[in-house]
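# Inside the fold
Chain by chain, the residues:
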Amino acid sequence: MKEQFKKFLNEEQDPKAIEKITSKLNDLMMRGEEVGYIAVQKKPAITVFPDSIVLTNKRIIICKPKNLGLSMDFTDYTWDDIVGTFVKENILGSEFSFSTKTDIQVSIDYIPKIQARKIFTYAKEQLDLLKNPVVATPVAETIQTEEVEVEEEIEEIETEEVTSFAEIMPATTPSFTETFEPIQPQAPTGDRKLSELSKEELFDKLQNYKKLLDNGLIMQGEYDTFKKEILSYM
């Protein structure tokens, strides 16, 4: 916890004050809360126990030591309760102040100018986030949409395959006067023996049997028999 607060020692913050605040904040932080900046008073006279102001992504915390630094008072104000923040630069440091919806005015003086500018900028950013919250893109919804598109592509491919088979074996609507004889598959031997056929011819013959099977003109067992016999010559 202390390591992450070392970055706040670059703008004239009192290291002892930062260390003392760090030890206390460890027990005060809420879930998901992160410290954005810490500013420490720097009065002209030597101040053993300066006041500090901590800005997190959820609230402003005013830290005031008491009892010779043995204890500390913490007063916090959530961002949705703050109306506005102000900075007034003086000769000896700056004064940072803010007002709440309940008309409470809170200010801390003798903040080094660079620290005052940093907390003012951070405060403005947090208030802007409340007015214009960032809406996250629903990732799950995007993934679901992509899955639907993939399913539609698969359905289109399947439809194209069925259509191509329909073109090979077009279905006709029989009239009541027409008579049909069942199509008899050609015997695998035919006029030419399988041993006399080339690999290309054997492959074409196997393809024809597959089309007959797909169109329900031969049984699976018949197709398996033809397939086994043709593959034995390939």
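Residues numbered from 1 in each chain as written. Predicted model: local features only at pLDDT ≥ 70, side-chain atom pairs only at ≥ 80, totals over all residues. Heavy atoms only, no water.

## Quick look at the overall build of the protein chain
Scanning the protein chain for helices and strands turns up five helices and seven strands. Going residue by residue from the N terminus, the α and β elements of the protein chain occur as α-β-β-β-β-β-β-β-α-α-α-α. Buried positions account for 29% of the 234 residues belonging to the protein chain. Taking the contacts inside the protein chain whose residues are at least 6 apart along the sequence as the reference set, 45% of them involve residues at least 24 apart. (Helix = DSSP H or I, 4+ residues; strand = E, 2+ residues; numbered from the N terminus. Buried < 20%, exposed > 50% of the residue type's maximum accessible area, 1.4 Å probe, protein only. Contact = heavy atoms within 4.5 Å.)

## With respect to the sheet that holds strand 7 (residues 105-111)
The strand order 5-6-7 describes an open sheet built from three strands, whose pairing is antiparallel. For this open sheet the edge positions go to strand 5 (82-89) and strand 7, each flanked by a neighbour on one side alone. When the angles between neighbouring strand axes are averaged without regard to direction, this sheet yields 15°. Sheet analysis places strand 5 next to strand 6 (residues 94-100), joined by seven bridges and oriented antiparallel. Bridge pairing in strand 6 places Glu 89 opposite Ser 94. (Pairing = 2+ DSSP bridges. Axes fitted to C-alpha atoms, helices over the stretch in contact; angles between N-to-C directions.)

## Re the confidence of the model for the protein chain
Of all residues in the protein chain, 69% have pLDDT values of 70 or greater, and the mean over the chain is 76. Within the protein chain, the element-level pLDDT minimum falls on helix 3 (residues 139-168), averaging 54, and the maximum on strand 6, averaging 92. When the criterion is pLDDT under 50, residues 162-168 qualifies, and its contacts beyond four places in sequence or with other chains add up to four contacts. Segment residues 173-181: pLDDT under 50, and two contacts once partners within four positions in sequence are set aside and those in other chains are kept. (pLDDT = per-residue confidence, 0-100.)

## Structural notes on the environment of Met 29
With respect to the element layout, Met 29 can be found in the loop between helix 1 (15-28) and strand 1 (35-40). Separated by 27 residues in sequence, Met 29 and Thr 56 have C-alpha atoms that sit 9.1 Å apart.

## Comments concerning the pattern of salt bridges
One side chain can pair with another of opposite charge once the charged atoms of both are near each other. The tally for this structure, following the rule as stated, stands at five salt bridges. Across the pair Glu 33 and Arg 59 runs a salt bridge whose closest N-O atoms are separated by 2.8 Å. Linking Glu 33 in the loop between helix 1 and strand 1 with Arg 59 in strand 3 (residues 59-66), this pair joins segments that are 26 residues apart in sequence. Judged by its relative accessible area of 8%, Glu 33 falls in the buried class. When the shortest N-O distance is used, the salt bridge between Asp 73 and Lys 66 registers 3.1 Å. For Asp 73, a relative accessible area of 36% gives the class partly exposed. One connected set of salt bridges, linked through shared partners, spans Glu 33, Arg 59 and Asp 76. (Salt bridge = Lys/Arg side-chain N within 4 Å of Asp/Glu carboxyl O.)

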